[in-house]
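Commentary on secondary and tertiary structure
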Amino acid sequence: MTKWALVTGASAGIGKEFCEQLAARGDNVVLVARRADRLEELKAHLEKRYRVHAEVLAADLANADDLKRVAERVAQASDPIEVLVNNAGFGLKTAFLDTDVEKEIASVDVMVKAVVVLSHAAGRAMRERGRGAIINVSSVAGFMASGTYSAAKSYVTVFSESLAGQLARTGVTVTALCPGFTHTDFHASADIDVDKTSAIGKRLWLDADRLVRDCLADVDAGRVISVPGKQYKVATQLLRHVPRSIVRAGALSNRHRPRD
Ligand SMILES: NC(=O)c1ccc[n+]([C@@H]2O[C@H](COP(=O)([O-])OP(=O)(O)OC[C@H]3O[C@@H](n4cnc5c(N)ncnc54)[C@H](OP(=O)(O)O)[C@@H]3O)[C@@H](O)[C@H]2O)c1
């Protein structure tokens, strides 16, 4: 029987690439994001190219009623969701105290609350059926101390590890995907300047197709943490082992240095 996957943030970047690769495997896909026009285009493309079914579920995950509708689809018994990809997210250009608190709350709603609500709905339904995979898109930033974005992604990684433990031996896997810099709309949408041209800068960047391919291989292997790219495997090992005072100093030397 054909599986159903649900991907949040399906209208662009990493989420769109997950939809492409899951559909290429033969999975039907529920597409979630705010820009319904982009989702309709993607649905038409996936159905034509891969002969799968796609469902558009336009939703703003920072809106409680919309999140409830998505959670209901995740928990639905008919056409059950067997792969959940919690991917939607965005960056904030300014440091915490220089950002409107409403924007900060919206980022927590999308990157933390929605991940918790949808993982809860999926975890229960998948445990009952004895199979499924939950993929939570976190970040290498979750190992750092760089703004509320780092804090949100740190939550996602630790939460995923904990849920993976709870679901061990149930047939359900949980994987936190921790990308480094990846070519998508992410930085332009947040108006964040990043080095893509220097020799070091070029080496840092990942392509979304390779990133998602590596992640799906890690999911198939039952890995709890997926860090695609050799450069980021090394970086995350270092970040996990150096004293936190050094990690904090690195963040302060960046853009979050407090004003004197
Ligand atoms: N690119 C990187 O360098 C990088 C590195 C580490 C981690 N990540 C993580 O990867 C994930 C995907 O980011 P990306 O790089 O693919 O960025 P992107 O190209 O900007 O895509 C972001 C996606 O999230 C959706 N989204 C944002 N706010 C939403 C909301 N309120 N409700 C529903 N959907 C929402 C957007 O759809 P709509 O605008 O249509 O709603 C879009 O589909 C994020 O969680 C990000 O934190 C990215």
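Residues numbered from 1 in each chain as written. Predicted model: local features only at pLDDT ≥ 70, side-chain atom pairs only at ≥ 80, totals over all residues. Heavy atoms only, no water.

If you check an unreviewed UniProt entry, the chain appears there as NADP-dependent 3-hydroxy acid dehydrogenase YdfG from Dermacoccus nishinomiyaensis.

With respect to the pairing of strand β1 (residues 4-8)
Here is the rule we go by: For the exposure calls, accessible area comes from a 1.4 Å probe over protein chains only, and a residue counts as buried if that area is under 20% of its type's maximum, exposed if over 50%, partly exposed in between. Counting from the N terminus, the helices are the DSSP runs of H or I reaching at least four residues and the strands are the DSSP runs of E reaching at least two. In short, DSSP must find at least two bridges between two strands for them to pair.
Where burial is concerned, most of β1 is hidden: five out of the five residues are buried. Alternating residues of β1 divide into W4, L6 and T8 and A5 and V7, and every residue in both groups is buried. Summarising the sheet, β1 and strand β2 (residues 28-33) pair through five bridges and their orientation is parallel. Bridge pairing in β2 links V7 to L31. For β1 and strand β4 (residues 81-86), the ladder comprises four bridges, and the chain directions are parallel. Bridging from a neighbouring strand, L6 pairs with L84 of β4.

Quick look at the site of the ligand
For clarity, the cut-off: Each residue is tested against the molecule or strand, and it is near if at least one of its non-hydrogen atoms lies within 4 Å. Polar contacts, as used here, are pairs of N or O atoms within 3.5 Å; protein pairs need one atom able to donate a hydrogen and one able to accept it. Residues neighboring in sequence count only if both atoms are side-chain atoms. Using the Shrake-Rupley algorithm and a 1.4 Å probe, accessible areas are obtained, with residue cover drawn only from the displayed protein chains. Classification used: nonpolar for Ala, Val, Leu, Ile, Met, Phe, Trp, Tyr, Cys and Pro, charged for Asp, Glu, Lys and Arg, polar for all others including Gly.
Near the ligand lie 30 residues; those nearest to it are S11, R34, N87, Y149 and T184. Contact between the ligand and L61: a nitrogen atom at 2.9 Å from a main-chain N or O atom of the residue. Within the side chain of T184, a nitrogen or oxygen atom sits 2.6 Å from an oxygen atom of the ligand. Protein burial of the ligand: of its 880 Å² of free accessible surface, 96% is covered by the chains. Secondary structure elements with two or more residues in the shell around the ligand: α1 (13-24), α5 (147-166) and α6 (186-189). The class makeup of the residues in the shell around the ligand is 14 nonpolar, 11 polar and five charged.

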